[in-house]
Amino acid sequence: MSEPKPPTPTPAGDTYKGWVFKWTNYIKGYQRRWFVLSNGLLSYYRTQAEMGHTCRGTINLATASIAVDDACNFVISNGGTQTYHLKASCEVERQRWITALELAKAKAARMQAESDDSGDDFSLSCPPAPHGQSAAAASQNSEVQSTLRTLASKVEDLSTCNDLISKHGSALQRSLSELDSLRLTGEAGDKIRQVTERATLFRITSNAMINACRDFLALSQAHSKRWQKALQAERDQRIRLEETLEQLAKQHNNLERAFRGNSQSNTTLDSKGSAGPGKGEASDDDDDNEFFDAMEEAPEFITVPADPQFHKRSSSNVSGFNSEMGSDDQSLNEEPLSANQDSPSLDLVPVKKRRSRIPDKPNYSLNLWSIMKNCIGKELSKIPMPVNFNEPISMLQRLSEDLEYHELLDKGAKCGSALEQLCYVAAFSISSYSTTVHRTGKPFNPLLGETYELDRGRESGYRSLCEQVSHHPPAAAHHVISSRGWTLRQEITVASKFRGKYISIMPLGTIHAIFEKGDNHYTWKKVTTTVHNIIVGKLWIDQSGEIDVVNHTTGDRCHLKFAPYSYFSRDVARKVTGLVTDKDGKAHYVLSGTWDEKMEFSRVMQSSRGSSSGSGAAGENGAAEARQKTVYQTLKAREIWHKNALPERAETMYFFTELALTLNEAEEGVAPTDSRQRPDQRLMEAGRWDEANAEKQRLEEKQRSVRREREREAASLRTSSQSEEGTGLRWSASGCICQRCPAWRCAVGRTGTSCLGCTWCGSG
């Protein structure tokens, strides 16, 4: 890309150049840029003059996706890190670019696949020696590379000789044919015929040799680089083994020094009869700090694998580690977390076959002008939002969808330990977010008094009931009763903030889970949900914040941290980490995973804490010690929760899960206020969005009129109450009560909202 090439404005060529408008920001909008497509790379510059020195950006088309928005716009993205929103001058120009990009992408993908198969990524030049490689290994590697270069040159010479033999043989054959055409008699003619026969034999032999050489050359070229790649892999593996052995030798030396120091400390303790630490432990702490050195951008704590039999040794024989073992964690083996891991819901046969599909989502384009022109002259609270932004379930049904993984609470109800039970409750609190990763649609706002009942007593053992108890601000109450030993309830209201590019949704309220066994009562709150790219771009959702799952019966606690998405983070996206501690703050379990895929747990064996005060260390060394994280030695991690696979073709059904597909299924015997009875929601599910928009607007306007009438009645009652306080009369069950004299009621009684006065004192 450093040398400008002459433009070849044909999509089938290797290089394609031209001016395209690129989206820059909200202030400048689309700006004209010079784009160059060459060798599977799409680069752009501000001007053509910049091609020789400054490239503004490049996308590798081998791993990129190309999407068409409309007649002139198209989008190129490589998976999130780079996205170009482009606009051509006309539809014809846009089609030329799309054709050129698709051809270049196919060619780049094909070249990459061939490179992976034949080992093209291996270079004949000697690579830099890895760290720790000896001079002898480097010399041997140089010798191997020299031999490979010699063989490559010989193969090239053989190819050249092959071409020369073929060329000269053809010339000799032509000359002999010309001699044969001459009319010669006698001995000269016999000699020529003899030479011709020998030349024919030579040609046959040469052709056989040429064919053999060609086959050898093809095989050599096909397999040589694979052999080179295999040789390089063996060499790298040997170097890694040497480095591993060197590290093991260092660790063995450290362990020997630590053992000698512990032996001296034990001897001192036995002679003095004291349990206080000796001076020799400071050097051992330094060794541990060196072994468990915290990395840059380290998490709140660090976990390292521990020997399952390590806990059997006395804690006094291990220097630098503080045992944090509870009385219920003394037998730490690899048995399952709960005695019965099977899912109780699998033992019952469903009494009703639930639906597994809904009508496909229509591909309706959203016309912003049609929405804005209907909003002219209206208040902001009266602007109807179209169902294009919704999904065909209500917020009450979305709350009931938290029970997708109710098996976690079923397993938790069987646990004999409160700490084990806390792990399941924490996993359940995380699992409720797994359905939001693809679900960018907004649920329908429930009407005041709207309810939703989900009866799964025969299939799953629970029954759920939700109700919208407030409209402004919107608030819902949710109660679940399970026959398998647990009860769940929550009261949720939502606060949102629009921040330009994204919306932050902050659920307010507390979730309660109560287990009959042990009478354990757990509470937690929800984290903040962020919807990105509200104005421009593809919507995507992220969860961030912290959750404290607290057992109010025992004082145990699980602290969960949802890491927000960051472009510069090295961690996996949507990461969640958690630590289960008892009432004394001792760690027992570590949880890790992602809120959209799975969670794993590890039982803590021991922990070592970093000290903020070193032995004479100052400056940067002292700061590093102060920032040192707690290191937990844990057993092998095991899976506690895994996300269920989405149904087939879920992308055409709003990315609904199997449970979500059944939430709006029509059922007999539900209340008239049930969410399944909403006509606008039912019309949207059927794909009749225009009718759904009209019905949604009618219901919202009816709710507003009912609210205005209720406010007028409340204002009238307040006015009547204030007037009665001024006359000294107040309400009773059968009329007015005078506050100035012992009379009990007015002369004639209440007529409407007017009072005729007191029968005793005459006050009116």
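Residues numbered from 1 in each chain as written. Predicted model: local features only at pLDDT ≥ 70, side-chain atom pairs only at ≥ 80, totals over all residues. Heavy atoms only, no water.

Named according to an unreviewed UniProt entry, the chain is Oxysterol-binding protein originating from Gadus morhua. In UniProt, the chain has this text filed under Sequence similarities (unreviewed entry): "Belongs to the OSBP family." (UniProt positions renumbered as here; feature names shortened; annotations may be inferred.)

Let's shift gears to the pattern of salt bridges. Applying the stated rule across the entire model yields 35 salt bridges. With its nearest N and O atoms 2.6 Å apart, the salt bridge here joins Glu-391 to Arg-398. Among the ionic pairs, Glu-401 bridges to Arg-439, the shortest N-O distance being 2.8 Å. With Glu-401 in the loop between helix H6 (395–400) and helix H7 (407–413) and Arg-439 in the loop between helix H8 (418–431) and strand E10 (442–444), this residue pair connects regions lying 38 residues apart in the sequence. Across this residue pair, the class does not change: Glu-401 and Arg-439 are buried. Residues joined by salt bridges that share partners form a network here, namely Lys-696, Glu-700, Glu-701, Arg-704 and Arg-708. (Salt bridge = Lys/Arg side-chain N within 4 Å of Asp/Glu carboxyl O. Helix = DSSP H or I, 4+ residues; strand = E, 2+ residues; numbered from the N terminus. Buried < 20%, exposed > 50% of the residue type's maximum accessible area, 1.4 Å probe, protein only.)

To continue, consider the packing of aromatic side chains. Tallied over the entire structure, the rule returns 14 aromatic pairs. Linked through ring pairs, Trp-23, Tyr-26 and Tyr-30 together constitute an aromatic cluster. Geometry around Tyr-30 places Lys-87 over its ring, the cationic atom sitting 4.5 Å from the centre. Directly above the ring of Tyr-433 sits Lys-526, whose terminal nitrogen or CZ lies 5.4 Å from the centroid. (Phe/Tyr/Trp six-rings, centres within 6.5 Å; stacked < 30°, edge-to-face > 60°. Lys NZ or Arg CZ within 6 Å of the ring centre and 35° of its normal.)

A surface patch of nonpolar side chains, amounting to about 400 Å² of accessible area, comprises Tyr-26, Phe-498, Ile-535 and Val-536. Residue position: Tyr-26 is located in the loop between strand E1 (15–25) and strand E2 (29–38). (Patch = residues over 30% accessible without salt bridge, like charges linked within 9 Å, V, L, I, M, F, W, Y side chains within 5 Å. Areas by Shrake-Rupley, 256 points an atom, 1.4 Å probe, with all protein chains shown as cover.)

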